[in-house]
Amino acid sequence: MQHTTTRYILTLGLLAMSMGIAWSQEGSETPSTPQDQQLLQLMEAGEFEQAIALLEQMRDEDQAQVVHLALLGGLYVEMGDPESALQTLEPLAAVENADPAVLYNTGRAASALGKIEAAYGYYSRSAAAAPGSPAERELGLLLSMAGQYEKAYPYLRRWISSYPEDEQVRLVAALTAVQLVRPSEALAFVTPLDPDRPQVRLLTGRAQLLLADPQAAIDTLEPLMAAPPPQMEVDIRRTLAEAKATIGQAAEAVELLAGHVGEDPSAILQLGLAQYQSGNLDGALETLGPLAMMLVEGVNAGQDLPPGDATAVGLVREYGRLLVTAGRHEEALPYLQLSSQLEPENKQ
């Protein structure tokens, strides 16, 4: 969802500020040239395509000033043409003291083209020059999407405090709070939203689980299983399965996960543990075995596990532990040895 109102105001404000138009309820001042007056009328009417055509004509005739190019770039972003926007705006953004709105729109164009690192730079410069501007919103969204939750969270919280009606940011902020294990704050973000909205239900359920209320999470999430949104189904299944396993309904957790883990190591580990908890030791060994074996073989071949990969460490540890439970001590030894190296503080 695009925060269209904010972006339109920003674009219109860019025209007003740079052309020296004093916006007021009385409208006592007007642009200085007929072309600027025409631009203002087109902008007020929302006729962006015609405004682009006029600005391109001015550029062709060498009549376009910096403000006109800035507005043209912003309009190209608004109309879904980030390539033209970036081509227009990059020279303006390269200036040391570039206008915050120019930097913001350049960041939008770069982000739309997948140039995330460049977008981050433009948004950061814009936010530094204009605290509280929409650049902070985009920074929060961008950082959260990249998994940099600690950095994203302050931007998201500040934006919501000023624009509590922004539902997209509320959802992202709630997800970020969940990732940071701040469930009460996550619930506060989604409370004003429609409780039956699937994203809201999922985030609420995850927060309830973090608050050690698995039954509430089950009550929240089970209605979604009647027709789970495809893009959310795996997360719904995993959260609901975790809640059910927590209250001893491991067999139901297995039913939710079986056939839905794909090649996700964390989901494979969750399924294996649920199978063991439900009394299916052989099934758990069969689930965990291939990936655990591959990890140990890789380490023996000189490969390192990814730093901080708790899932990989958990797979090795749990597979070794289950082999011991099955009485296969000799087979378990390589996994337990590697686990003790990876987790020297683990007394078990």
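Everything numeric here is computed off the predicted structure, so don't read it as measured data. (Residues numbered from 1 in each chain as written. Predicted model: local features only at pLDDT ≥ 70, side-chain atom pairs only at ≥ 80, totals over all residues. Heavy atoms only, no water.)

Peer 1: So what exactly am I meant to see when it comes to the environment of Gln-41 here?
Peer 2: Tracing the sequence through the fold places Gln-41 in helix α2 (residues 34–44). The exposure class assigned to Gln-41 is exposed, which follows from its relative accessible area of 51%. It is 9.1 Å that separates the C-alpha atoms of Gln-41 and Ala-51, two residues lying 10 residues apart in sequence. (Helix = DSSP H or I, 4+ residues; strand = E, 2+ residues; numbered from the N terminus. Buried < 20%, exposed > 50% of the residue type's maximum accessible area, 1.4 Å probe, protein only.)

Peer 1: What is the right way to read the side chain of Thr-106 from this model?
Peer 2: Mapped onto the fold, Thr-106 is located in helix α6 (residues 100–112). When its relative accessible area of 0% is taken as the criterion, Thr-106 is described as buried. For Thr-106, the side chain forms a polar contact with the main-chain oxygen of Val-102, separated by 2.6 Å. Apart from residues no more than four positions distant in its own chain, Thr-106 is found in contact with Leu-86, Leu-89, Glu-90, Ala-93 and Tyr-122. (Polar contact = N/O pair within 3.5 Å; in protein donor to acceptor, adjacent residues only side chain to side chain. Contact = heavy atoms within 4.5 Å.)

Peer 1: It is not clear to me how helix α17 (residues 281–300) should be interpreted in this structure. Could you clarify?
Peer 2: In an α-helix there are 3.6 residues to a turn, and that puts residues three or four apart on one side. In this model, α17 (20 residues) spans 26 Å end to end at C-alpha, consistent with the 28 Å of a helix rising 1.5 Å per residue. Along α17, the sharpest change in direction is near 45° and occurs at Gly-289; proline Pro-290 comes one to four residues later. For α17, every residue scored as buried is listed here: Leu-281, Gly-283, Ala-284, Leu-285, Thr-287, Leu-288, Gly-289, Leu-291, Ala-292, Leu-295, Val-296 and Gly-298. Where α17 is buried, its residues contact α16 (265–277), α18 (310–325) and α19 (329–342). Looking one or two residues beyond α17, the residue adopting positive phi is Gly-302, at roughly 100°. (Expected span 1.5 Å × (residues − 1). Bend = angle between axes of the 7 residues up to and from the residue.)

Peer 1: Quick question: what am I supposed to make of helix α8 (residues 134–145) here?
Peer 2: Here α8 contains 12 residues, and its C-alpha end-to-end distance of 17 Å stays within 8% of the 16 Å for a straight helix at 1.5 Å per residue. In terms of residue burial, α8 counts as a mostly covered element, since 11 of its 12 residues are buried. Restricting attention to buried positions, one finds in α8 the residues Pro-134, Ala-135, Glu-136, Arg-137, Glu-138, Leu-139, Gly-140, Leu-141, Leu-142, Leu-143 and Ser-144. Among the residues trailing α8, Gly-147 stands out with phi positive, at a value near 80°.

Peer 1: Which parts of the structure should I look at to understand the nonpolar core?
Peer 2: What tends to happen in soluble globular proteins is that the nonpolar side chains get buried as a cluster. Grouped together as the largest cluster of nonpolar side chains are 39 residues, with contacts concentrated most on Leu-288, Leu-315, Tyr-319 and Tyr-335. Looking at this core, the element that brings in the most residues is α17, giving eight residues. Here Leu-315 is in contact with Pro-265, Ile-268, Leu-269, Leu-288, Leu-291, Ala-292 and Leu-295, once residues within four sequence places are set aside. In this structure, Leu-69, Leu-71, Val-77 and Ala-98 belong to the second largest nonpolar core, which totals 34 residues. (Core = buried A, V, L, I, M, F, W, Y, C linked by side-chain atoms within 4.5 Å.)

Peer 1: Help me out: how do you make sense of the packing of aromatic side chains in this one?
Peer 2: Within a pair of aromatic rings, the relevant descriptors are the distance that separates the centres and the angle that separates the planes. Overall, the coordinates contain four aromatic pairs when judged by the stated rule. With a centroid separation of 4.1 Å and 25° between ring planes, the pair formed by Trp-159 and Tyr-163 is classed as stacked. (Phe/Tyr/Trp six-rings, centres within 6.5 Å; stacked < 30°, edge-to-face > 60°.)

Peer 1: Can you help me understand unusual backbone geometry in this one?
Peer 2: Among all residues except glycine, the phi angle is most often negative; among peptide bonds, the trans geometry is most common. The phi torsion at Asp-62 lies on the positive side, around 60°, for a residue other than glycine. Among the structural elements, Asp-62 can be located in the loop between α3 (48–60) and α4 (66–78). Unlike most non-glycine residues, Val-181 shows phi in positive territory, near 55°. The exposure class assigned to Val-181 is exposed, which follows from its relative accessible area of 55%.

Peer 1: Explanation requested: the confidence of the model for the protein in the structure shown.
Peer 2: In this model, the protein carries a mean pLDDT of 88, and residues with pLDDT of at least 70 account for 89%. When pLDDT is averaged over each element of the protein, helix α11 (residues 183–190) comes out on top at 98 and helix α1 (residues 4–18) at the bottom at 47. Note that pLDDT drops below 50 for residues 1–6; the model gives that stretch 11 contacts with residues more than four away or on any other chain. Scored below 50 in pLDDT, residues 15–28 shows 19 contacts in the model against residues more than four places distant or in partner chains. (pLDDT = per-residue confidence, 0-100.)

Peer 1: It is not clear to me how the environment of Ala-118 should be interpreted in this structure. Could you clarify?
Peer 2: Structurally, the position occupied by Ala-118 is in helix α7 (residues 116–129). The exposure class of Ala-118 is partly exposed, given its relative accessible area of 34%. Placed 11 residues apart in sequence, Ala-118 and Gly-107 show a C-alpha to C-alpha distance of 7.1 Å.

Peer 1: Looking at this model, I keep getting lost on the environment of Val-66. Mind explaining?
Peer 2: The residue Val-66 is located in helix α4 in this model. Taking the relative accessible area as the measure of exposure, Val-66 reaches 56% and is therefore exposed. As a C-alpha pair, Val-66 and Leu-92 span 26 residues in sequence and 7.6 Å in three-dimensional space.

Peer 1: What should I look at first to understand the pattern of salt bridges in this one?
Peer 2: One side chain can pair with another of opposite charge once the charged atoms of both are near each other. Applying the stated rule across the entire model yields 15 salt bridges. Between Arg-108 and Glu-78 there is a salt bridge, with the nearest N and O atoms lying 3.2 Å from each other. Taken together, the positions of Arg-108 in helix α6 and Glu-78 in helix α4 put the pair 30 residues apart, joining distant regions of the chain. For Arg-108, a relative accessible area of 6% gives the class buried. Between Glu-136 and Arg-158 there is a salt bridge, with the nearest N and O atoms lying 3.4 Å from each other. Of this pair, Glu-136 sits in helix α8 while Arg-158 is found in helix α9 (residues 149–162), placing the two residues 22 residues apart along the sequence. (Salt bridge = Lys/Arg side-chain N within 4 Å of Asp/Glu carboxyl O.)

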